[in-house]
Amino acid sequence: MKKIYLFAGAILTWMLSFSCQNDENYTDKPLLQNLSYTECAKELKSVFDNEYAECSFIDTHTMHITLYNANINCGVTNIKGIANLDENKVISITLQTTGESANCICDRNISFDINKLTTGVDYTIQIKELSISFKVSFKEDMEITKVKNIINEN
């Protein structure tokens, strides 16, 4: 009978270790992940065309963001990013671009995931190089939230 209890205890311990491990793995991920972007839009647009973002819930610690109509120099050939989260729930994203500077601006869509979030918290997203900022409430039932009130800080 003791062997059954020991075996059951071992299985329970093993199962609990995996359930806790999955929840803790989110801390090992970088804050910004899976950044992708489109090439320049075919038509050059004015820098005053509307930028907007769509945010969606992926899991209890991750949000997907797509920024539409981001005004980026036409000569940019690669975009990478890093992010920092401060104690005021401000996520500051720094875009690192490579390529020759051109005398034009074009619209691109930029998508990325933000990890290490807490459900039910309001965050401010700031993208320094684009001089934009917007607020989003991270919650499980957010589905796709369109953020139209992007503030250009120029």
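Preceding this paragraph is the structure being described.
Right, let's walk through the structure included here. The model shown is predicted, which means the values in this text are computed figures rather than measured ones. (Residues numbered from 1 in each chain as written. Predicted model: local features only at pLDDT ≥ 70, side-chain atom pairs only at ≥ 80, totals over all residues. Heavy atoms only, no water.)

So, on to the overall build of the protein. Scanning the protein from N- to C-terminus turns up one helix and 10 strands. Counting from the amino terminus, helix and strand elements in the protein follow one another as α-β-β-β-β-β-β-β-β-β-β. The buried share among the 154 residues of the protein stands at 34%. As displayed, the protein offers around 9800 Å² of accessible surface, 52% of which is attributable to carbon and sulfur atoms. (Helix = DSSP H or I, 4+ residues; strand = E, 2+ residues; numbered from the N terminus. Buried < 20%, exposed > 50% of the residue type's maximum accessible area, 1.4 Å probe, protein only. Areas by Shrake-Rupley, 256 points an atom, 1.4 Å probe, with all protein chains shown as cover.)

The next thing to look at is the pairing of strand β2 (residues 52-59). Consecutive residues of a regular strand have side chains that alternate between opposite faces of the sheet. Of the strand pairs in this sheet, β2 and strand β3 (residues 62-73) are connected by seven bridges, and their pairing is antiparallel. When the bridges of β3 are listed, A53 appears paired with L67. The turn joining β2 and β3, which pair antiparallel and follow one another in sequence, is formed by two residues. The pairing of β2 with strand β9 (residues 144-147) spans four bridges and is antiparallel. Residue E54 lies in a different strand from β9, and its bridge partner there is K146. (Pairing = 2+ DSSP bridges.)

Note that E143 resides in the loop between β8 (132-138) and β9. The class for E143 is exposed, based on a relative accessible area of 64%. E143 sits 89 residues away from E54 along the chain, and the two C-alpha atoms are 9.8 Å apart. With near-sequence residues (within four places) excluded, E143 lies in contact with C55, S56 and F57. (Contact = heavy atoms within 4.5 Å.)

Pairing is antiparallel across the open sheet formed by five strands, whose spatial order is β1-β6-β3-β2-β9. Across the chains shown, the open sheet's two edge strands, defined by having one partner strand only, are β1 (32-37) and β9. Here the strands of the sheet are splayed against their neighbours by 25 degrees on average, with no regard to which way each runs. (Axes fitted to C-alpha atoms, helices over the stretch in contact; angles between N-to-C directions.)

Here the focus is the nonpolar core. Counting residues in each nonpolar core, the largest one holds 30 residues, and the members touching the most others are I65, I91, I93, I114, I127 and L130. Those residues in contact with I65, other than ones at most four positions away along the chain, are A53, E54, C55, I110, S111, F112, I114, I125 and F134. (Core = buried A, V, L, I, M, F, W, Y, C linked by side-chain atoms within 4.5 Å.)

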